[in-house]
Amino acid sequence: ERSRRGSDENILGIFAEGELRSRKPRGGEKTTGDLTKGISFVRGQTLQPTSVPAPAKEEKEEKDAKDDDADSDVDSRFVLDASVPNGNFKPAVEGPKLPARNKLSFNQMSSSYGKGFAMLQKMGFTGGGLGKHNDGIANPIEVQKRQSKRALQDDGEMVDQDLYGNEGPGGRRTVEELLSMDRAEKKSTEPKISDGWKRDGKPKKQKTIYKTAEENAGEVPAMRIVDMRGPEVKVASSFAELAASLSGDSVRSLKEFRHNTRLLVSRYEDKVRLAAERKRHCENVILSAAKEQERLQAADNISEADVKGCKDLVVEIESLRERQDEGSIGLSELAETFHRLERSRPKEFHLLQAIDVAFALALPTAKRELSTWQPFKSPELALKAMAKWQDLGDKERFSGLLDASLIPQLRKALVAWAPRDFEPCIRLMETCQRLLRTEVAESLVAEVVLPRLRSEIEVWDPRIDQRSAHLWLHPWLPLLGRKMEMLWTPIRFKISSCLEKWDPSDPSAHGLLKPWQQVFDPANWDPLIEKVLGRLERSLQETPIKPDGQDLTAVKSLLRWMDLAPLENVARVLETALFPQWHGALKRWLRTEGCNFAEVLQWYQGWKALFPPELREQLVVQRHLAHGLEVMKHVMAGGEALGPEEPTKAAEKAAVSRLPVEEVSLSLSDYVSQVAAEEGLIFLPKKQQRNGKQVYQLGAATIQLDKNLVYIAPRGGEGEWKAASMDELLKLAKSTKK
């Protein structure tokens, strides 16, 4: 057993070993064991200094003299001075302990750890470190996932992590700290005192570098760019470095800024709107006050004669009101009376604002007279009386009078009007245009007349109706003009549907289309003619060509359409459908034994005389007739009947390459889609319906297709949908697109 240690031995540990050797064993103590053996260290512990009562002076001197030799080689820093309270240790100065900082917010921890974080909150966790005194770890332990079958590496295994949250806001530095980083780095490069023991610890002499003026001018001065757009302040030395630092994170970091900006904009936008409304209200109040001031000033300047004139005017107006109540005054007489009062007493008429009284008396009078008015029989009776009022007041008052009295009667009459009885309505519209303002007449035409004509076209059937539509539509052309283009598309579709089962030998189709030749635009006329020529071409192909007993019905049916179809299109049909068979029949006849060339020549001349002169002038027809004549001359001269290569091969190739005429009629949506593709416009259905019908987007215009009609949505979404022609629709779509 070792001897009991003293207090100095407990403090000095192995450094007190020399003292142990020098000490002699006391009585009853055993000698120390072999000191050459290894030393067994015990677990170290930190001892807090405690106050030790000072011994007597004699005892202290005796002990110092006794232990002088043992402590002579011990550093004085390890010697405890018991005479000083708390030894020779300076009390530690501690400031306030900073709270632990969580790296993740509550929302991030809740989304990442879920139930575990919820349990942590139930246990009383409110942020900071774990534990009762918040002195535990403040951040979850980060784990780095190692690749499959990969062992420990020399570098990169330890995670540089602030578990206790004591390192402050990581990565966030102030502008002053960032700007002073270079200065700190420069200071760190200077040699330290502790580096003096190194071989190269002495500062080296700086090498002098000489530069020319051009080199100094070419150097770009150092640049410092402070980037404060994100949550962290960054300093860049160049614009290239600043651009390289921009990433998705820096863009996402501006979400809060954009959100706050939107809030400010919406807040002040409402304030600006309220200020504008208040300004408008104040302007209206100022205008009203100015008018009232003018009226009061005018009233102050009224003389006694003017007052008497006003009283007389009031008496006359009162008498007119009594007659109006009795129903003994008409609309024309009432207008003439107010015209006379305005001319005779203009000042009093203006002061009393008698014009308002005039229109107030005119409204019930107009309703009474127009209640028995028959517009189609005597259109001028009421319109002349109404026209006298348009010069009396302003436009707004007269429009109000029309809307309340005349327009309802006209609408009522036009709704019951039969569109095929066009003469009375045309006479009524002509009277309206002559007596009323232009905008009033045009509104009646656009809102009443055209919809009635369109509804009549919907029930018109060209196959059944004995009266063609041009008989009751063309008389409107001088009056309506281009406004009627919206009606041509549904008419074309109805005619096109009739041509599906049309027999080319029936001449009624020619009579049906001929009135529309000068009316339809090319977009409506050309598809109809192409369909007719397609039917005639198939009829010619099915008709055999033979020298004896030739059936010319199909050929004559084609020639009948020369006044409606372009001559080059008729010649094209002959080239593809007639001449190939015609050349074949001619060659077969010439190859027969005992062929009579006189009959062949007569047959050739008969076909040539069948074609009208204007058709024979077409280059295609001339080439085929000349080729047939050359074949005849060649055979008559003793050659073979085949002759040279036929010129119809190129025509046959062209006929094969040319797309056939459509045998089925296109629907309105298909036609609009085809037109949109030709014009380079977008035609797509929208995710909405109107009256159960699909709504489409053509270019930038919103349209609806209903019963072969195209309706266009109003601008701004307010107003009524109006029917329009294809030209108007394309013009609107293109102008909106630009």
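In the block above lies the structure referred to throughout.
Notes on the structure in this doc start here. (Residues numbered from 1 in each chain as written. Predicted model: local features only at pLDDT ≥ 70, side-chain atom pairs only at ≥ 80, totals over all residues. Heavy atoms only, no water.)

1. Section: the pattern of salt bridges
Rule in force here: By definition, a salt bridge exists where a carboxyl oxygen of Asp or Glu is found within 4 Å of a side-chain nitrogen of Lys or Arg. In DSSP terms, a helix is any run of H or I states spanning at least four residues, a strand is any run of E spanning at least two, and both are numbered starting from the N terminus.
A complete count under the given rule lists 19 salt bridges for this structure. One salt bridge in this structure joins Arg273 and Asp270, with 2.9 Å as the shortest N-O distance. Linking Arg273 with Asp270, this pair stays in helix H12 (residues 255-300), spanning 3 residues, or about one helical turn. Notably, a salt bridge pairs Glu380 with Arg434, separated by 2.9 Å at the nearest N-O pair. Here Glu380, found in helix H17 (residues 379-387), pairs with Arg434, found in helix H19 (residues 422-435); they are 54 residues apart in sequence, far enough to count as distant. When salt bridges with common partners are traced through the structure, they connect Glu269, Asp270 and Arg273 into a single cluster.

2. Details of the packing of aromatic side chains
Selection criterion: Stacked, edge-to-face and tilted are the three classes for Phe, Tyr and Trp ring pairs, Trp counted by its six-membered ring, which pair at centre distances within 6.5 Å; planes under 30 degrees apart are stacked, over 60 edge-to-face, the rest tilted.
On inspection of all chains with the given rule, the structure shows 15 aromatic pairs. Here Phe106 and Phe125 contribute two aromatic rings whose centre-to-centre distance is 6.1 Å and whose plane-to-plane angle is 20°, an arrangement assigned as stacked. Remark: Phe125 occurs in the loop between helix H6 (115-122) and helix H7 (175-179) and Phe106 occurs in helix H5 (residues 106-113); sequence separation between them is 19 residues. Judged by centre distance (6.0 Å) and plane angle (90°), the rings of Phe579 and Trp582 are edge-to-face.

3. A look at the sheet that holds strand E6 (residues 709-712)
What counts, and what does not: Pairing between two strands is assigned when DSSP locates at least 2 bridges connecting them.
Here we have 5 strands laid out as an open sheet, ordered E3-E4-E5-E6-E7, and antiparallel in their pairing. Looking at the sheet topology across the chains shown, the edges are occupied by strand E3 (683-690) and strand E7 (722-723). Pairing between E6 and E7: 2 bridges, direction antiparallel. Of the residues in E7, the one forming a bridge with Ile712 is Lys722.

4. Describing the side chain of His470
The test is simple: Residues adjacent in sequence count toward polar contacts only when both atoms are side-chain atoms; beyond that, a polar contact is any pair of N or O atoms within 3.5 Å, and within protein one must be able to donate a hydrogen and the other to accept it. Note on contacts: a residue pair is in contact if any heavy atoms of the two residues lie within 4.5 Å.
By secondary structure assignment, the location of His470 is in helix H21 (residues 470-473). Polar contacts involving the side chain of His470 include one to the side chain of Ser468, which spans 2.8 Å. His470 has contacts with Pro475, Pro515 and Trp516, leaving out every residue within four places of it along the chain.

5. Topic: the pairing of strand E5 (residues 701-706)
Regular strands place their side chains on alternate faces of the sheet. Going by this rule: Relative accessibility under 20% of the residue-type maximum defines a buried residue, over 50% an exposed one, and the middle range a partly exposed one, all with a 1.4 Å probe and only protein chains included.
Most of E5 sits out of view: 5 of its 6 residues are buried. Here 4 bridges tie strand E4 (residues 693-698) to E5, and the two strands are oriented antiparallel to one another. Looking at E5, one finds that Leu698 is bridged to Ala701. Count of turn residues in the E4/E5 antiparallel hairpin: 2 residues, of which Gly699 carries a positive phi of about 65°. Judged from the 4 bridges that link them, E5 and E6 form a sheet pairing that is antiparallel. The partner of Ile703 across the bridge, within E6, is Ile712. In textbook terms, the turn of a hairpin is the stretch between consecutive antiparallel strands, and for E5 and E6 this stretch comprises 2 residues, one of which, Lys707, has a positive phi near 55°.

6. What about the environment of Leu320?
Mapped onto the fold, Leu320 is located in helix H13 (residues 304-326). Look past the residues within four positions of Leu320 in its chain and what remains in contact with it is Ile329, Leu334, Thr337, Phe338, Leu341 and Leu361.

7. Concerning the side chain of Glu348
Relative to the elements of secondary structure, Glu348 occurs in helix H15 (residues 346-351). Not counting chain neighbours up to four residues away, the residues in contact with Glu348 comprise Asp306, Gly309, Cys310 and Leu313.

8. Quick word on the pairing of E3
Across 5 bridges, E3 lies against E4 in antiparallel orientation. Paired with Phe683 across the two strands is Leu698, which belongs to E4. Turn length for the E3-E4 hairpin, with the two strands adjacent in sequence and antiparallel, is 2 residues, and the turn residue Asn691 shows positive phi of about 55°.

9. Notes on the state of the cysteines
To be explicit about the condition: We call a pair of cysteine sulfur atoms a disulfide whenever their separation is within 2.5 Å.
The tally for this structure, following the rule as stated, stands at 0 disulfides. With no disulfide of its own, Cys432 has Cys425 as its nearest cysteine by sulfur position, at a separation of 8.9 Å.

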